[in-house]
Amino acid sequence: MTSFLGFGREHVAWNYEKSGNPVYLHIVQRRKPEPDDEADRPLKKPTLLAIGVEGGFTDQELEYDEAFEIVILPEFTSLPFPSIDLPEKVRIAVDKVILAESADRKQQLASWVADKKKVSAHAMDLKQLDNGVIVPPTGWKCSKCDKTENLWLNLTDGMILCGRRLWDGSGGNNHAIEHYEQTKYPLAVKLGTITADLEAADVFSYPEDDSVEDPLLAQHLSHFGIDFSSLQKTEMTTAERELDHNTNYDWNRIQESGKDAELLYGPGYTGLVNLGNSYFEKQSLKAAFAIAPADPTLDLNMQMTKLAHGMLSGKHSVPNQEGQEGIRPRMFKTVIAAKHPEFSSMRQQDALDFFLHLIDQVDQANTGNHELNPFTGFKFIIEERLQCPSGKVSYNKRSDYILSLNIPLHEATNKEQLEAFHEKKAAMDLDGKEVSNEEIVRPRVPLEACLASFSGAEEVPEFYSTALNSKTTAIKTAGFKTFPDYLVLQMRKFVMEAGWVPKKLDVYVDVPDIIDISHMRSKGIQPGEELLPEGASGDNKAEPVHPVASEDIVSQLASMGFNYLHCQKAAISTSNTGVEEAMNWLLSHMDDPDINDPISKDSQAAEQTVDETSVQTLVSFGFQEDVARKALAASGGNIERATDWIFSHPEASSSVPTDSSTSNMEDDDAHIPDGSGRYKLMAFVSHMGTSTHCGHYVAHVLKDGRWVIFNDSKVAASVDLPKDMGYLYFFQRI
């Protein structure tokens, strides 16, 4: 009664021993039975990217009856409450505890909702042409093809054009975005989503590459004679289409929906209740509590141990009406997300980003104490070899916790079936028919091909060779200096198409139960090899002190109609990384007040444009600060694109010469495990949806010789293992 800390019956004595506080309020909750009409009511299909709010995914909260009593330790003497015989001080304290918002309730108040659409920067002063265009209320068709669905009205010139083509050939023919690229008219509204409720209309900004809000939409529509009050909704918005995709094929297969699965209970089979964004064998729960600070709710090690105990003890894995209630790790989420602007929200984040953030936080909480850090077994060292045309080489080392792999679609093993499917689909499109999910053929790529794409030779353009005193193209190969106890593979399913259009690869990866990557071990410097002189591998001390734009990048951008000076600035600000990176920077900085100023001779000009908050966010993901700055500069300041850029440019994270990096690494190398390169698949995480920012994650784990599905609070024996649909794969060394 002197704090707001709560304990179960078996743990409250620990707090008494530690604090000496003898008086506790005992709260007993008994679940209320659900009314029969609630159980029979069909579930509504979600229409909003949200959990626990109207129109979103259901997050049914259970209701309880509560009773209270005062308990005095150590004898556990009980006194009734309420009671007039209790001292006023105790009655006041009890009332404050009962009225206080629990960690559980505080999290509920922050229900996960997709970001509210921002007002477009182009909406308030949008130019509309007086070209006499009047849009009819029905009968719309693309101005450049025969498409009559997925049509977008450009709000500047009134052109009606079809939307983007999807991965399977459905959707539009890209005419709307092509029109933007030619005209730079920024805003379009999706016809079929316009109703009297204009806030629900789907408005897209091409320069901002996002769905936006247009406060003047009524005015912009009336310019083309559109009476929105009489229009009926006939098409899904972009968000609704995303939800529809989420509940389609991937959703059912990965969750093993419709399968008659055996529900599992007991130690190690505890489910987690979905919170929206969704170990310690060497430390007992009591030991963790004993060494925790005064407020254990704020201690990461305490909350990690508590979560592990809850999942592994089996005490919360017992049958109930829905299968099992599982546990709600809200306190753990609060602690792990406290220092992170994204994970502290209820928005969904990428599982890989969270895994890396978790590793970083646990590492900080156990600095120098590798015995208590469970992620030590995940760490490994990659050695990269770069050879320039002079024949001289350099070796760089970097440590990591995951191996990120490209998926080479050209290595698909079912090319004949794919060709036949595309021919069939083209014929059905001509007949106006749609291919069912069961008929879709997806590429099948062996995991071996993904691993080979990592270790194979790769060209590194714009490499500065200190042997040649000039930039050249080097050849890079990479291998493992050490093999971890637990190997985590990330399949790069989220990629950027031309024009920075995000896309998720719809592909199967054939992953065997046993892999042997012994051949991927690096050999280090070989007899007869000559190292590049100091300053290689990106130090570039001999380069000019002022920035110079790549003429190739500038000329390609200028040929697209961009201002020549702007093109030079874009190339310099993205370190001459490439045309796509420069274009992305250019589109993000067109409205900069200094865009027309002469180019500064300060070689740090590019770094000054990088937002410090974004730098620290990437650093919190585990990336080096200099790499984070370079990636943000190359990606227009966008964190998601910068993360993708880092994974696409592994040479950037190894830009420190071996001589200068090994001294720091060797101090910390002793604890990094090493051993055989043979591994057994032990778990994988799958993602449903077309973006990391929405959808759903499900885990499958090999336990006690059989595969088990962990889908929120549902824990069951796997019936049809979707092993080929994983996003993260976890292997254990044999």
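About the cut-offs
- Throughout, residues of each chain are indexed from 1 in the direction in which the sequence is written.
- Restriction of local features to residues with pLDDT of at least 70 applies here, the model being predicted, together with a cutoff of 80 or more for giving and counting side-chain atom pairs; totals for whole chains, interfaces and linings are based on all residues.
- As a convention, hydrogens and water are excluded, and side-chain values are obtained from all of the structure's heavy atoms.
- Each helix corresponds to a stretch of at least 4 residues labelled H or I by DSSP, and each strand to a stretch of at least 2 residues labelled E; elements are numbered beginning at the N terminus.
- Three labels apply to residues, based on accessible area from a 1.4 Å probe with only protein chains included: buried if under 20% of the type maximum, exposed if over 50%, partly exposed otherwise in between.
- Only the protein chains shown count as covering a residue, and every accessible area follows the Shrake-Rupley method with a 1.4 Å probe.
- Two strands make a pair as long as DSSP finds a minimum of two bridges between them.
- Orientation is described by lines fitted to C-alpha atoms, with helices fitted over the stretch in contact, and by angles between N-to-C directions that extend from 0 to 180 degrees.
- By definition, a salt bridge exists where a carboxyl oxygen of Asp or Glu is found within 4 Å of a side-chain nitrogen of Lys or Arg.
- Two rings from Phe, Tyr or Trp (for Trp, the six-membered ring) form a pair when their centres sit within 6.5 Å of each other. Planes less than 30 degrees apart are called stacked, planes more than 60 degrees apart edge-to-face, and all others tilted.
- Any Lys NZ or Arg CZ found within 6 Å of a ring centre and within 35 degrees of that ring's normal is scored as a charge over the ring.
- In plain terms, two cysteine sulfur atoms within 2.5 Å form what is called a disulfide here.

**Student:** Go over the overall build of the protein, please, and point to the residues and values.
**Tutor:** Across its full length, the protein holds 22 helices and 26 strands. Residue burial in the protein is summarised as follows: out of 734 residues, 45% are buried. With an accessible surface of roughly 36900 Å², the protein has 52% of that area assigned to carbon and sulfur atoms.

**Student:** Could you give me a rundown of the sheet that holds strand β16 (residues 470–480), with the residues and numbers involved?
**Tutor:** Read across the sheet, four strands follow the order β12-β11-β16-β15 without closing on themselves; strand pairing throughout is antiparallel. Two strands bound the open sheet, and with one partner strand each, they are β12 (393–400) and β15 (458–465). Going from strand to strand, the sheet's axes swing by 35 degrees on average, the running direction of each strand aside. Where β15 meets β16, six bridges bridge the pair, whose relative direction is antiparallel. The residue bridging Val460 from the neighbouring strand is Ala474, located in β16.

**Student:** Break down the pairing of strand β26 (residues 726–733) for me, citing the residues and quoting the values.
**Tutor:** For a regular strand, side chains alternate in direction, first toward one face of the sheet and then toward the other. Among the eight residues of β26, seven are classified as buried, and the element is accordingly described as predominantly covered. Both strand β17 (residues 486–491) and β26 contribute to a ladder of five bridges, which runs antiparallel. What sits directly across from Val488, in β26, is Phe730. With seven bridges joining them, strand β22 (residues 678–688) and β26 adopt antiparallel strand pairing.

**Student:** Please set out the pattern of salt bridges residue by residue, giving values where relevant.
**Tutor:** In total, this model carries 19 salt bridges according to the counting rule given. Between Glu10 and Lys315 there is a salt bridge, and its shortest N-O distance comes to 2.5 Å. For the salt bridge of Arg398 with Glu384, the shortest nitrogen-to-oxygen distance reads 3.4 Å. Taken together, the positions of Arg398 in strand β12 and Glu384 in strand β11 (residues 380–387) put the pair 14 residues apart, joining distant regions of the chain. A relative accessible area of 11% means that Arg398 is categorised as buried.

**Student:** Residues and numbers for the packing of aromatic side chains, please.
**Tutor:** Tallied over the full model, the rule gives 15 aromatic pairs. Plain terms: the ring middles of Phe204 and Tyr206 are 5.3 Å apart, the flat faces sit at 65 degrees to each other, and that makes the pair edge-to-face. Of the two residues, Phe204 and Tyr206, neither departs from the other in class, the shared state being buried. An aromatic cluster is built from Phe355, Phe375, Phe378, Tyr486 and Phe730, whose rings are joined through pairwise contacts. For Lys18, the ring lying beneath its charged end belongs to Phe289, and the centroid distance is 4.7 Å.

**Student:** Explain the environment of Thr574 to me, using residue names and the numbers behind them.
**Tutor:** Structurally, the position occupied by Thr574 is in the loop between α16 (564–573) and α17 (579–588). Since its relative accessible area comes to 1%, Thr574 is described here as buried.

**Student:** Talk me through the sheet that holds strand β4 (residues 151–154); I want residue IDs and the actual numbers.
**Tutor:** Taken in spatial order, the five strands line up as β5-β4-β6-β7-β8 in an open sheet, and their pairing is antiparallel. Looking along the sheet, the strands with just one partner apiece sit at the ends: β5 (160–162) and β8 (210–212). Strand-to-strand twist in this sheet, taken as the mean axis angle between neighbours without regard to direction, amounts to 40 degrees. As judged from the three bridges shared by β4 and strand β6 (residues 187–190), these two strands associate in the antiparallel manner.

**Student:** Residue-level account of the state of the cysteines, with values.
**Tutor:** Within this structure, the stated rule accounts for zero disulfides. Cys162 takes part in no disulfide bond, and the closest cysteine sulfur to it belongs to Cys145, at a distance of 3.8 Å. On the basis of relative accessible area, Cys162 is assigned to the buried category, the value being 0%.

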